Amino acid sequence: MDAKEDAKEDASSQPDSLLKPLDDAKPGDMVEFVKAGLSHWGIYIGNGCIIHFDKSDDGLLEGMKNRKFHPTTEMVKKDKIAVVMKNPDIKHVRINNYLDDQKDAMSPDVIVWLAKKTLRSGFHHGYDVFYNNCEHFVTSCRYGYSVSQQVNDPEKLKRAFRSVDIKVRIAEEEARKRKKKPKTGFIPGQCQTCGQVHSPKK
């Protein structure tokens, strides 16, 4: 299944009335950055900006590589949507208030206030892909109820693991190349004090 088919499948799983283009965004809306694996989420606060629960890419890669999901370095931050969209893994962005037909959303002022509050206090106890991720953050702000549907989707998890495994293999190969590359101007056996090559002592 390619990225376009992934996006169609994701869109078809939500009622059309709850999916909106970004041009229709209003403060308090949940912004979904659709990727081949797990989507990224933020709360729209106006003026083309979101507040989102981000994480260290290195920490997430390491955690998924070792299949350990301990909290990694995290940050709640405010960004322009255009800045977040620079991530090459993001296919498209949309408004997706997917629980509006099941739960009452809080008022826009309250949602934005809660999101801004986390800029100072943080969100729970650190990033965890299963229990405390960016989707948990936005649903907590909008509905007062923390949930992440995508981590219960086996296909999404498979695609996320596959994507991360590829990145891990690339990073490992680059690390091996750096390790093999000799230091410029260094001669094996050269004395670091006088610069001469000495015969090993017998």
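Residues numbered from 1 in each chain as written. Predicted model: local features only at pLDDT ≥ 70, side-chain atom pairs only at ≥ 80, totals over all residues. Heavy atoms only, no water.

Asker: Whenever I open this one, the overall build of the chain confuses me. Can you help?
Answerer: Check the secondary structure of the chain and you find 6 helices and 6 strands. Sequence-ordered secondary structure for the chain, helices as α and strands as β, is α-β-β-β-β-α-β-α-β-α-α-α. Burial analysis of the chain (202 residues in total) assigns 40% to the buried set. When contacts within the chain are restricted to residue pairs at least 6 apart in sequence, those whose partners lie at least 24 apart make up 67%. (Helix = DSSP H or I, 4+ residues; strand = E, 2+ residues; numbered from the N terminus. Buried < 20%, exposed > 50% of the residue type's maximum accessible area, 1.4 Å probe, protein only. Contact = heavy atoms within 4.5 Å.)

Asker: Mind showing me how you'd approach the side chain of Glu32 here?
Answerer: Relative to the helices and strands, Glu32 resides in strand 2 (residues 30-35). Side-chain polar atoms of Glu32 contact the side chain of Asn96, separated by 2.9 Å. Those residues in contact with Glu32 that lie beyond four places of it in its chain are Ser39, His40, Trp41, His92, Val93, Arg94 and Asn96. (Polar contact = N/O pair within 3.5 Å; in protein donor to acceptor, adjacent residues only side chain to side chain.)

Asker: Even after reading the chapter, I still don't get the environment of Asn87, so can you show me in this structure?
Answerer: Here Asn87 is to be found in the loop between helix 3 (81-84) and strand 6 (90-96). Of the residues examined, Asn87 reaches a relative accessible area of 29% and is grouped as partly exposed. A sequence separation of 54 residues divides Asn87 from Phe33, and the C-alpha atoms of the two residues are 9.8 Å apart. Among the polar contacts made by the side chain of Asn87, one reaches the main-chain amide nitrogen of Asp89 at a distance of 2.8 Å.

Asker: It is not clear to me how the pattern of salt bridges should be interpreted in this structure. Could you clarify?
Answerer: Close approach of charged atoms allows side chains with opposite charge to pair. Within this structure, the stated rule accounts for 5 salt bridges. Residue Lys20 is joined to Asp29 by a salt bridge in which the shortest nitrogen-to-oxygen separation is 3.4 Å. On the accessibility criterion, Lys20 (24% relative accessible area) is partly exposed. We classify Asp29 as buried; its relative accessible area is 5%. Residues Glu32 and Arg94 are paired through a salt bridge, measuring 2.8 Å at the closest nitrogen-oxygen approach. With Glu32 in strand 2 and Arg94 in strand 6, this pair connects stretches of sequence that are 62 residues apart. No difference in accessibility class separates Glu32 from Arg94, as the two residues are buried. (Salt bridge = Lys/Arg side-chain N within 4 Å of Asp/Glu carboxyl O.)

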